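Residues per chain, in single letters:
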Amino acid sequence: MAITKQSDRLLTARYIPLIGYAEAWELQKSYVSGIDKEEQSETLLLLQHPPTYTLGSDRHPEHLLLDEAQLQEQGISVFEIDRGGDITYHGPGQLVGYPLLYLAAEGLDLHGYLRQLEQVIIDWLATYGIEGGRKEAYTGVWIGNAKIAAIGVKFNRARTRRGFVTSHGFALNLKAGIGEEGFRGIVPCGITEYGVTSFEDLTGIAMSPERAAAELLPLFCRQFGYAAPSGLLLDKQPADAGDND
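Residues numbered from 1 in each chain as written. Predicted model: local features only at pLDDT ≥ 70, side-chain atom pairs only at ≥ 80, totals over all residues. Heavy atoms only, no water.

(A) Structural context of the nonpolar core. The biggest cluster of nonpolar side chains holds 38 residues, and the ones touching the most others in it are Leu 95, Trp 124, Leu 125, Leu 172 and Phe 220. Listing elements by their share of this core, those giving two or more residues are strand S2 (12–16), strand S3 (43–47), helix H3 (110–126), strand S9 (141–143), strand S10 (146–157), strand S11 (163–173) and helix H6 (209–224). If we ignore the near neighbours within four places in the chain, the residues touching Leu 125 are Ile 130, Gly 132, Val 141, Ile 143, Ile 148 and Phe 199. Core analysis: the next-biggest nonpolar cluster, separate from the first, contains 20 residues, Ile 35, Phe 79, Tyr 98 and Val 165 among them. (Core = buried A, V, L, I, M, F, W, Y, C linked by side-chain atoms within 4.5 Å. Buried < 20%, exposed > 50% of the residue type's maximum accessible area, 1.4 Å probe, protein only. Helix = DSSP H or I, 4+ residues; strand = E, 2+ residues; numbered from the N terminus. Contact = heavy atoms within 4.5 Å.)

If you want it as structure tokens, here you go:
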């Protein structure tokens, strides 16, 4: 069963042009606590990170192909984090989405939540005539044998009510060549037989993350049953992006 849709649910959507990974991780934790206590509205954070590798709970350190000197030379930070999955890349030209939502215990389908996240991106791609799909045994959104969006989430057990509060989320590749820029230094998600692609590689259209965020928002609200907000809350200036391991 998919997550129950309630059209009167309210969602805050915030776009941050650039934010360091450590700062964004702490921001997520703050939202999770506030949503659990019903002191904070459910929120969709949409943003970009500086070049960063993150290793999830299924981490395999050997899938990071660069040594410390190479990481420093290329200005890439590394974080071991608490989402599911293996290693992935975040960087400029990629739209990252962190849905911070309360999922009630009744009728809960955690796998259904992942499929809904994928569907938001599939629906957005379809508006440009791109047929996105899924691969059995893998999460994410695929164009043939190339992944265009990675999915990795955490379900934080609520402390004040029955259910979970979500964190982490999706990373949608927009900029041409992002596979060569960032993903070549890792075995993405531990998958050796398939590659990665981006929206611009497929279409030739230069898509800004802010535009993609604005277009994804109503599709996200429709998929998860939120009343669509009037627009994104924009952070005018990039937040501190000075993460270093």
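Moving on from the model shown.
(B) Focus on the packing of aromatic side chains. What the rule picks out here adds up to 14 aromatic pairs. Where Tyr 113 meets Phe 224, the ring centres are 5.7 Å apart and the plane angle is 55°; that geometry is what we call tilted. Of this pair, Tyr 113 sits in helix H3 while Phe 224 sits in helix H6, placing them 111 residues apart in sequence. There is no split in this pair, since Tyr 113 and Phe 224 are both buried. Relative to Trp 142, the ring of Tyr 138 lies with its centre 5.8 Å away and its plane at 45°, an arrangement referred to as tilted. An aromatic cluster is defined as three or more aromatic residues linked by ring pairs; in this entry it consists of Tyr 113, Phe 155, Phe 164, Phe 220 and Phe 224. (Phe/Tyr/Trp six-rings, centres within 6.5 Å; stacked < 30°, edge-to-face > 60°.)

(C) Fine view of the sheet that holds strand S4 (residues 52–55). The strand order across the open sheet formed by three strands is S5-S4-S6, and the pairing between neighbours is mixed. One side of each edge strand has no neighbouring strand; the edge strands of this open sheet are strand S5 (77–80) and strand S6 (87–90). In this sheet, adjacent strand axes meet at a mean angle of 20° when their direction is disregarded. For S4 and S5, the ladder comprises four bridges, and the chain directions are parallel. Bridged to Thr 52 within S5 is Ser 77. Across the sheet, helix H1 (residues 21–36) is in contact with S4, S5 and S6; its angle to S5 comes to roughly 30°. (Pairing = 2+ DSSP bridges. Axes fitted to C-alpha atoms, helices over the stretch in contact; angles between N-to-C directions.)

(D) Structural detail: the pattern of salt bridges. Counted under the stated rule, the structure contains ten salt bridges. Among the salt bridges present, the one from Glu 42 reaches Arg 9, with a minimum N-O distance of 3.4 Å. In this pair, Glu 42 is assigned in the loop between H1 and S3 and Arg 9 in strand S1 (residues 9–10), connecting sequence segments 33 residues apart. Judged by relative accessible area, which is 15%, Glu 42 ranks as buried. Its salt-bridge partner being Lys 154, residue Asp 82 comes within 2.9 Å of it at the nearest N-O pair. Of this pair, Asp 82 sits in the loop between S5 and S6 while Lys 154 sits in strand S10, and the two are 72 residues apart along the sequence. (Salt bridge = Lys/Arg side-chain N within 4 Å of Asp/Glu carboxyl O.)

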